[in-house]
Amino acid sequence: MYQRHKYQPPAGTLRLSQKSVAKPFLEVLSGRRQQVPPIWMMRQAGRYLPEYRELRAKAGSFLDLCFTPDYAAEVTLQPIRRFNFDAAIIFSDILVIPYALGRSVRFEAGEGPRLDPLNTPEQVTTLARHADFGKLEPVYEALRRVKRELAPEIALIGFCGAPWTVATYMVAGQGTPDQAPARMMAYRHPETFAEIIDVLVENSIQYLLGQLKAGADALQIFDTWAGVLPPREFERWSIEPAKRIVAGVRAKAPEAKIIGFPRGAGALLPAYVEATGVDAVSIDWAAEPSMIRERVQSRVAVQGNLDPLALIAGGAALDRAVDDVLANYAEGRLIFNLGHGIQPETPIAHVEQMLKRVRAYRG
């Protein structure tokens, strides 16, 4: 639960709603370890659920699903009804900011997102500096609708893609195995690449503030491709933009709870935590437990880090994997989650098995 600061915030700041019912997810983000770790899953609203697949077929395009508030709210709530997770995450996509900036964004079945590439300095000059946030009003409306439906103890998460990760798609026009086009632009034309990052930072701040105003209790910054960066580039293109976003959001919403997810950061995670000021970090399944406990969880909450393939495997392998996460991190501030998004082929029964085992834990 958000705690009121003793000082009065500056004029124009956004005060987050105060609730009388404790939300375990927010309790952990506020520094209070829970006896039973709160739990949710990245991509929990998605293709492993038959009710999602049915609505997805009805919606038509993926963007129509994202930008129809009735549909987006329903998809967000589907896993909450099934599993009673401790948090819901609004159904949307990390590429809505490029869309609001006027870029062509489309999703091809079986191939992922497609954008008009910004792969030369000349093309970068065509990038708008200010998003049309009217295009994102459906996201805000979906948040408002979900907020009205959620039980008071369940938190609502808003999110954005981290500037580095979003930029990788904008430069290449699609995902690539190692995001080499963006990495090459950042090496060859760092000032030009910085222009893309700057635009994404400033517009992401406004987008996240809009989500808080619409009812989000916490925010997550997804830097899915952070792990392809060497240390110097990681500091410049992952840490610094995240730091600016956190500072920009908190300038207007001092109480905002923010989770960072620089996937694949490994030994660079402590530096990310120290520099950005996030309240928690998501960790992937390859994270080294003792390093995380000693240098990360001692400072902030951690979220993760079950291997999504263990969730597909089920049985004794899943039980062992769940127990490993709990043994490694549940003595500290932990939000139980996956190390990345749930896979479409995951059996629902295995999600139920995982939930039962986590919720039986008493630490």
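Residues numbered from 1 in each chain as written. Predicted model: local features only at pLDDT ≥ 70, side-chain atom pairs only at ≥ 80, totals over all residues. Heavy atoms only, no water.

1. Let's talk about the pairing of strand E5 (residues 218-223)
Burial of E5 is extensive: six of the six residues sit out of reach of the surface. Residues Ala218, Gln220 and Phe222 line one face of E5 and the alternating positions Leu219, Ile221 and Asp223 line the opposite face, and both faces are buried. One ladder, built from five bridges, connects strand E4 (residues 155-161) with E5; its direction is parallel. Bridge pairing in E5 places Cys160 opposite Ile221. Two elements, E5 and strand E6 (residues 258-262), share five bridges in a ladder whose sense is parallel. Within E6, the position partnered with Asp223 by the bridge is Pro262. The parallel pair E5 and E6 is bridged by helix H11 (residues 231-252), and the resulting crossover is right-handed. (Buried < 20%, exposed > 50% of the residue type's maximum accessible area, 1.4 Å probe, protein only. Helix = DSSP H or I, 4+ residues; strand = E, 2+ residues; numbered from the N terminus. Pairing = 2+ DSSP bridges. Right-handed = clockwise from strand over helix to strand, strands pointing away.)

2. A short note on the sheet that holds E5
Ordered by their spatial adjacency, seven strands build an open sheet running E1-E4-E5-E6-E7-E8-E9, and the pairing between neighbours is parallel. Each edge of the open sheet is held by one strand with a lone partner, namely strand E1 (87-89) and strand E9 (334-338). Averaged over neighbouring strand pairs, the angle between their axes works out to 25 degrees when direction is ignored. Bridge count for E1 against E4 is three bridges, and the pairing is parallel. Bridge pairing in E4 places Ala88 opposite Leu156. (Axes fitted to C-alpha atoms, helices over the stretch in contact; angles between N-to-C directions.)

3. Regarding the layout of surface pockets
Looking at the largest pocket, its volume works out to about 1300 Å³. Together, 38 residues line the largest pocket, and Arg43, Arg47, Phe62, Asp93 and Phe107 are the ones closest to its centre. Elements with a minimum of two residues in the lining of the largest pocket: helix H2 (50-59), strand E2 (105-108), strand E3 (112-115) and helix H8 (163-172). Along the lines of polarity and charge, the residues of the lining of the largest pocket split into 19 nonpolar, twelve polar and seven charged. Its volume calculated, the second largest pocket comes out at about 150 Å³. For the lining of the second largest pocket, the secondary-structure elements that each account for two or more residues are strand E8 (301-306) and helix H15 (315-329). Top element by residues in the lining of the second largest pocket is H15. It accounts for five residues. Of the residues assigned to the lining of the second largest pocket, the class counts are seven nonpolar, two polar and two charged. (1 Å grid on protein atoms, 1.4 Å probe; cavity = no way out; pocket = protein on both sides within 12 Å on 5 of 7 lines; lining within 4 Å. Points joined across faces, edges and corners; volume = space filled by probe spheres on them. Nonpolar A, V, L, I, M, F, W, Y, C, P; charged D, E, K, R; others polar.)

4. Remarks on the UniProt feature "domain: Uroporphyrinogen decarboxylase (URO-D)" (unreviewed entry) in the protein chain
Mapped onto the present numbering, the UniProt feature "domain: Uroporphyrinogen decarboxylase (URO-D)" (unreviewed entry) falls at residues 38-47 and 157-173. Span residues 38-47 is 0% helix and 0% strand, its end C-alpha atoms 23 Å apart. Between the C-alpha atoms that bound residues 157-173 the distance is 28 Å, and the span itself is 59% helix and 29% strand. (UniProt positions renumbered as here; feature names shortened; annotations may be inferred.)

5. Here's the deal with the UniProt feature "binding site: substrate" (unreviewed entry) in the protein chain
The UniProt entry lists Arg43, Gln44, Ala45, Gly46, Arg47, Asp93, Tyr169, Thr224 and His340 under the feature "binding site: substrate" (unreviewed entry), expressed in the numbering used here. Look at the named residues: they lie 298 residues apart in sequence, and the longest C-alpha span between them is 22.9 Å, so in the fold they stay spread out. Considered against the largest pocket, the annotated residues that line it turn out to be Arg43, Gln44, Ala45, Gly46, Arg47, Asp93, Tyr169, Thr224 and His340. Within the secondary structure, Ala45 is located in the loop between helix H1 (24-29) and H2.

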